[in-house]
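So you can see what is in the structure, the chains are spelled out below.
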Amino acid sequence: QVHLEESGGGLVQAGASLRLSCAASGRIVNPNIVSWFRQVPGKGREFVGGMTWGGGNELYGEAVKGRFIVFRDNAKPILYLQMNNLQPEDTAEYYCARKDFGFEVSQWSSSYGDWGQGTQVIVSS
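Since the model is a prediction, treat every value here as computed from it, not as a measurement.

Cut-offs used in this document
Residues numbered from 1 in each chain as written. Predicted model: local features only at pLDDT ≥ 70, side-chain atom pairs only at ≥ 80, totals over all residues. Heavy atoms only, no water. Helix = DSSP H or I, 4+ residues; strand = E, 2+ residues; numbered from the N terminus. Rg over C-alpha atoms; globule rule 2.2 N^0.38 Å. Buried < 20%, exposed > 50% of the residue type's maximum accessible area, 1.4 Å probe, protein only. Pairing = 2+ DSSP bridges. Axes fitted to C-alpha atoms, helices over the stretch in contact; angles between N-to-C directions. Salt bridge = Lys/Arg side-chain N within 4 Å of Asp/Glu carboxyl O. Core = buried A, V, L, I, M, F, W, Y, C linked by side-chain atoms within 4.5 Å. Contact = heavy atoms within 4.5 Å.

Participant: So what exactly am I meant to see when it comes to the overall build of the protein chain here?
Facilitator: When you go through the protein chain residue by residue, the secondary structure sums to zero helices and eleven strands. If you list the helices and strands of the protein chain from N to C, you get β-β-β-β-β-β-β-β-β-β-β. For a compact globule of 125 residues, the expected C-alpha radius of gyration is about 14 Å, and the protein chain comes in at 13 Å, within 12% of that figure. Taken along the three principal axes of its C-alpha coordinates, the protein chain extends 40 × 30 × 25 Å. Per-residue burial for the protein chain yields a buried fraction of 45% across its 125 residues.

As structure tokens, then:
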């Protein structure tokens, strides 16, 4: 079993940057896929971005493409989400998740079996 724990959320003003972290414990090996999703009350989870745990195959949701970056620190079992030029519509609970089959990043939350508890991001205008 893999345990995921997000951190780094907070309250920022529009235009600011924020970096989220997802610390993983347990056995994660290629071709595991790790991704970020976000959710606002009353809506389903929206795909933000993901990559192969070993690196590469980055894929981003249309709403964040060009502003957010998913990357890993290869020396540590941590997945990051660098969020730049944040806007009020980016306000959400952010989750990291792991898909333990296949070689491609999926934008469907149902493809992921392990989830963190979430970290809240609030962007004020």
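Participant: How should the sheet that holds strand E1 (residues 3-7) be read in this particular structure?
Facilitator: Paired through backbone hydrogen bonds, the strands of a sheet run either parallel or antiparallel to each other. In space, the four strands of this open sheet follow the order E1-E3-E8-E7, with antiparallel pairing throughout. What marks the edges here is a single partner per strand, and that holds for E1 and strand E7 (68-73). If you compare each strand with its neighbour and ignore which way they point, the axes differ by 20 degrees on average. Across six bridges, E7 lies against strand E8 (residues 78-83) in antiparallel orientation. Within E8, the residue paired with Phe 71 across the bridge is Tyr 80.

Participant: Please explain the pattern of salt bridges as it appears in this structure.
Facilitator: Opposite charge on two side chains permits pairing when their charged atoms draw close. Inspection of every chain in the model, using the stated rule, returns six salt bridges. Each member of the salt-bridge network shares a partner with another, and the members are Arg 38, Glu 46, Arg 67 and Asp 90.

Participant: Explain the nonpolar core to me, please; I cannot follow it from the model alone.
Facilitator: By size, the foremost hydrophobic cluster in this structure holds 26 residues, and its most contacted members are Leu 20, Trp 36, Phe 68, Leu 79, Leu 81, Met 83 and Tyr 94. Breaking this core down by element, the ones donating at least two residues are strand E3 (18-25), strand E4 (33-39), strand E5 (46-52), E7, E8, strand E9 (92-99) and strand E11 (119-124). Residues in contact with Leu 81, not counting those within four places in the same chain, are Leu 18, Arg 19, Leu 20, Trp 36, Val 48, Phe 68, Ile 69, Val 70 and Tyr 94. Counting six residues, the second largest nonpolar core, distinct from the first, contains Ile 33, Phe 37, Ala 97 and Val 105.

Participant: Explain the pairing of E8 here, please?
Facilitator: Looking along a regular strand, one sees side chains alternate from face to face of the sheet. Of all six residues making up E8, six are buried, and the element is well covered by its neighbours. Side chains Ile 78, Tyr 80 and Gln 82 of E8 all project onto a buried face; the interleaved residues Leu 79, Leu 81 and Met 83 project onto the opposite face, where all are buried too. Note: E3 against E8, six bridges, orientation antiparallel. In the strand pairing of E8, Leu 18 is matched with Met 83. Between E7 and E8, which pair antiparallel one after the other, the connecting turn spans four residues.

Participant: Would you explain the pairing of E1 in this entry?
Facilitator: Side chains Leu 4 and Glu 6 of E1 all project onto a buried face; the interleaved residues His 3, Glu 5 and Ser 7 project onto a face where none is buried. The pairing of E1 with E3 spans five bridges and is classified as antiparallel. Bridge pairing in E3 places His 3 opposite Ser 25.

Participant: Explain unusual backbone geometry to me, please; I cannot follow it from the model alone.
Facilitator: Glycine aside, a negative phi is what most residues show, and trans is what most peptide bonds show. Positive phi values are uncommon outside glycine, yet Asn 57 reaches one of about 60 degrees. We note that Asn 85 has phi near 50 degrees; this positive angle belongs to a residue other than glycine. Position of Asn 85 relative to the elements: it lies in the loop between E8 and E9. In this structure Asn 85 comes out as partly exposed when scored by relative accessible area, which is 40%.

Geometric descriptors of this kind do not, in isolation, establish any biological role.
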